[in-house]
Amino acid sequence: MRRRPNQADAPRTTFGYRQIMAAHGTSKLSKFMSFILRHRPDTIGLALDQQGWASIDELVLKSNAAGHSFSRDDLIHVVNTSEKRRFTLSADGHRIRAAQGHSVTIDLGLSKQEPPTVLYHGTARRFLRSILSDGLTPQARQQVHLSVDEATAKIVGQRHGDPVVLTVDAHRMHADGFQFYVADNGVWLTDHVPSEFLGVSSNDADSATTSRHPKLSR
Ligand code: HQG
C-alpha cells in the first residue's frame, strides 16, 4: 500500500501567490505546483492525463477558484526559474507536468536508457539499516530517484536528516536487465535497487555501519 503523499510538498497558506512570490520568491508557488502535479490534483478538482500532463489554463483557473491566486505568467516564471527544472511544458505551450517525483499513478512515457556506470542516491543515515535490508524502494513515489553526481545526491539526502550518499552500480544493474529512465530534468529513475548493487560513498562510509555490512566497504 502506498504511503500518504509527502505533505512537505503542500503549501501551508492560501495567500495570493503574487504577495507570496514577492515575499519569498517562487518557492511557495513551486511547492504548490509540485503538490498538485505530483500528488493531489484532486484537491483542486484537476485531472492529469495518463502521462501526467495538465492544461495550464485549467490548472490556473482551478487553483484560483480554490483560493490559490496566481496567473499564467507566475506559473511560467516558476517553470523558467526552477533550478531543478521540476516542471516541463508541452511543445505547444498549453500543458504542464512535473518532470518526476509523482505519487499519483501516471506513465511519463520515457524510453529506456543506458545509465552511467555509477549513479548516486542521497538518503538519511537513519534509513540505512532498512535500505541495506530491502534495497532502495520508491516509498510514496512511483520510482526510485537517482542523481548523476554525488553533490546533488547529498543535497537530496539532507532533506531527510544526517545525509549519506549511496553509490548504485548502475552498469551491473543494467547488464542484469534492470531498466533505467531519465526524466526531463536529468534525474534518473528505476523501479528498485536491490541492496547487492549499493555501496556507501567513501566520503560517507561510517565504520560501524560498513563493518556490519562488508559489501558496503568497497
Ligand atoms: C528512502 C526531490 C527505508 C530514500 C529530490 C529516501 C529527488 C528507504 C526516502 C526527489 C528505503 C524517500 C525524490 C527503504 C528508500 N527503507 N527508507 N527500503 N528505500 N528509502 O522524498 O529520493 O526537490 O520520496 O532513501 O531532489 O529523497 O521535490 O525520495 O530518503 O529528486 O523536486 O526513503 O524529490 O526533488 O524520500 O527524493 P523521497 P528522494 P524535489
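Above: the structure in question.
Okay, so let's go over this structure. (Residues numbered from 1 in each chain as written. Predicted model: local features only at pLDDT ≥ 70, side-chain atom pairs only at ≥ 80, totals over all residues.)

This brings us to the sheet that holds strand 6 (residues 163-169). Taken together, the 3 strands give an open sheet; going across it, the order is 4-6-9, and neighbouring strands pair in antiparallel fashion. Single-partner strands in this sheet number two, and they are strand 4 (118-124) and strand 9 (198-200). Taken over all neighbouring pairs, the strand axes of this sheet differ in orientation by 35° on average, direction set aside. Across 7 bridges, strand 4 lies against strand 6 in antiparallel orientation. Of the residues in strand 6, the one forming a bridge with Thr123 is Val164. Sitting on the sheet, helix 6 (residues 150-158) touches strand 4 and strand 6, and the angle it makes with strand 4 is about 20°. (Pairing = 2+ DSSP bridges. Helix = DSSP H or I, 4+ residues; strand = E, 2+ residues; numbered from the N terminus. Axes fitted to C-alpha atoms, helices over the stretch in contact; angles between N-to-C directions. Contact = placed C-beta atoms within 7 Å.)

All right, on to the sheet that holds strand 2 (residues 87-89) then. In spatial order, the strands read 1-3-2; together these 3 strands make up an open sheet with antiparallel pairing. Pairing within the sheet leaves two strands with one partner each, and these edge strands are strand 1 (54-55) and strand 2. Inspection of the sheet shows strand 2 paired to strand 3 (residues 95-98) by 3 bridges, in the antiparallel sense. Bridged to Thr88 within strand 3 is Arg97.

Once that is clear, we can look at the site of the ligand. By nearness alone, 20 residues border the ligand, and Thr123, Phe127, Ser130, Asp134 and His145 come closest of all. Of all the secondary-structure elements, those providing two or more residues to the shell around the ligand are strand 4 and helix 5 (128-134). Broken down by class, the residue content of the shell around the ligand amounts to 7 nonpolar, 9 polar and 4 charged. Counting only domains with at least three residues in the shell around the ligand, you end up with domain 1 (7-98) and domain 2 (118-217). (Near = placed C-beta within 6 Å. Nonpolar A, V, L, I, M, F, W, Y, C, P; charged D, E, K, R; others polar. Domains from an automatic or database assignment.)

Leu119, Tyr120, Leu166, Val168 and Trp188 are the most contacted members of the largest nonpolar core, which totals 20 residues. When contributions to this core are tallied by element, the ones reaching two or more residues are strand 4, strand 6, helix 7 (170-175), strand 8 (188-190) and strand 9. If one sorts the elements of this core by residue count, strand 6 sits on top with 4 residues. Not counting the four nearest positions on each side in its chain, Tyr120 is found in contact with Leu146, Ser147, Asp149, Glu150, Ala153, Val165, Leu166, Thr167 and Val168. (Core = buried A, V, L, I, M, F, W, Y, C linked by C-beta atoms within 7 Å. Buried ≥ 20, exposed ≤ 12 C-beta atoms within 10 Å, placed from the backbone.)

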